[in-house]
Amino acid sequence: MLSLGQLRPPYQWFRIHLFSVTSLEALATVAHHWLTYAFVVFLGMLWGSFGNVCIYRWPPTDEFPKGRSVVTPPSHCFVCKANVKWYDNFPLLSYLWLRGKCRNCKTEFSPRYLIVEALGGVLFGLAWWAAMNHPEFTTFNERLIGFVVYAGFSFFILIVTFIDLDHMLILDLITYPSVVIFYGLSLVLGHVWWHGLVGAAFGYGIIVAIRTLYYAMRKQEGMGLGDAKLLAVIGALWGWQGVMVALFGGSIIGSVIGIAAIIGGKLRGGAPNDQEATADAGDAEAADSDEPVPDGMNFAIGSVALPFGPFLAAAAMAYTLLHPYFSIQLRH
Ligand SMILES: [Zn+2]
């Protein structure tokens, strides 16, 4: 019988020390002003812009098996290699005034860049709303800390989602440090020390259990551990409650979208289906192939394969924004 509301903050001293240097209470008066929201959304678009770089450079490719640095080289056109000028690197507006084309060679960039930037803005705006209206935060400093945690988590969710959509991969490079970071942030939020540890272990363990069961039934190694590591990160911040919401919420969202995709016939054949075909053809052929084994559980409904990660991520994001209004309890 445990609800989030019952978790008492034993790390109060940490919070006080964190913000005792500069009190930001004066800002509380403008917290709900639309200009503040506009600023936060702009901040989110800047992070979304950086997210694009991570999404594009971190996954392994043939040329760069370990992925690439997000710092060097500077952003450039993929076709003519011309560097993006600082004044053309302004979120959203640059894309619009250049009409999505390279200033130098006029190659069209994918609207995906715009979508990720805009999503960054929307998620930061929602994170601000959630933190500023959180019923259990009493001071403005607590709300600010809440915003930093929620915004950080939405950035994590954004890049994991799009990398998984592109490559069916959830990178250790992202999940390993994130487990540590978000466990630390759960302490800053005032959760008891074991809450995040239990959550991370539960999140990882439940996928391993499902995977073992699946293997026992189908004698096939269809899944990687990417989803387990993603759930470990979710659990590190939100405990077992967050894991449950991500798992069940993700399954529901996934089923609805999967069925809609089949009915709409919107999903064309492509990399995901090729990977599924490889898996179906048996282990011997899979071992010969250079195709990486999908690093996550896939929804395979008919011939349509979807990564599970984005659905877990979407449900975890919903929990982050709305968790004060959830009540998840164990009953005897
Ligand atoms: Zn170009």
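Residues numbered from 1 in each chain as written. Predicted model: local features only at pLDDT ≥ 70, side-chain atom pairs only at ≥ 80, totals over all residues.

Undergrad: So what's going on with the overall build of the protein chain? Residues and values would help.
TA: From N to C terminus, the protein chain includes 11 helices and two strands. Its helices and strands in sequence order give the protein chain the pattern α-α-α-α-α-α-α-α-α-α-β-β-α, from N to C terminus. Taken over 332 residues, the protein chain has a buried fraction of 36%. Long-range contacts, defined here as pairs at least 24 residues apart, represent 73% of the contacts in the protein chain between residues at least 6 apart. (Helix = DSSP H or I, 4+ residues; strand = E, 2+ residues; numbered from the N terminus. Buried ≥ 20, exposed ≤ 12 C-beta atoms within 10 Å, placed from the backbone. Contact = placed C-beta atoms within 7 Å.)

Undergrad: Residues and numbers for unusual backbone geometry, please.
TA: A positive phi is found at Lys81, a non-glycine position, where the angle reads about 65 degrees. Here Lys81 shows up in the loop between helix H2 (34-57) and helix H3 (93-97). Under the C-beta neighbour-count criterion, Lys81 is labelled exposed, with 11 such atoms within 10 Å. Here Arg99, not a glycine, exhibits a phi torsion of approximately 50 degrees, which is positive. Checked against the element boundaries, Arg99 lands in the loop between H3 and helix H4 (112-132).

Undergrad: Tell me about helix H6 (residues 172-188), and name the residues and values.
TA: Given a rise of 1.5 Å per residue, 17 residues ought to cover 24 Å, and the 24 Å separating the end C-alpha atoms of H6 matches this to within 8%. Those residues of H6 that sit buried are Ile174, Thr175, Ser178, Val179, Phe182, Tyr183, Leu185 and Ser186. On its buried face, H6 sits against helix H5 (140-167), helix H7 (193-218) and helix H8 (226-264). (Expected span 1.5 Å × (residues − 1).)

Undergrad: Could you give an account of the nonpolar core, with specific residues and numbers?
TA: The biggest cluster of nonpolar side chains holds 69 residues, and the ones touching the most others in it are Ala127, Ile159, Leu231 and Ala246. Among the elements of the structure, H2, H4, H5, H6, H7, H8 and helix H11 (309-322) are those that each provide at least two residues to this core. Taken domain by domain, the makeup of this core includes at least three residues from each of domain 1 (1-24 + 171-332) and domain 2 (31-167). Excluding residues within four positions of it along the chain, Ala246 makes contact with Leu231, Ile234, Leu312, Ala315, Ala316 and Tyr319. (Core = buried A, V, L, I, M, F, W, Y, C linked by C-beta atoms within 7 Å. Domains from an automatic or database assignment.)

Undergrad: Summarise the environment of Tyr150; cite the residues concerned and give the values.
TA: Locating Tyr150 in the fold gives a position in helix H5. Taking the C-alpha atoms as reference points, Tyr150 and Met317, 167 residues apart in sequence, are found 8.7 Å from one another. Those residues within four positions of Tyr150 in sequence are excluded, and the remaining contacts are Ala127, Ala130, Ala131 and Thr320.

Undergrad: Explain H11 residue by residue, including any values.
TA: Given 3.6 residues per helical turn, the α-helix brings residues three or four places apart onto the same face. The end-to-end C-alpha distance of H11 is 20 Å, a good match for the 20 Å that 14 residues give at a rise of 1.5 Å each. Counting buried positions over the 14 residues of H11 gives 10, a clear majority of the element. Buried within H11 we find Gly309, Pro310, Phe311, Leu312, Ala313, Ala315, Ala316, Met317, Tyr319 and Thr320.

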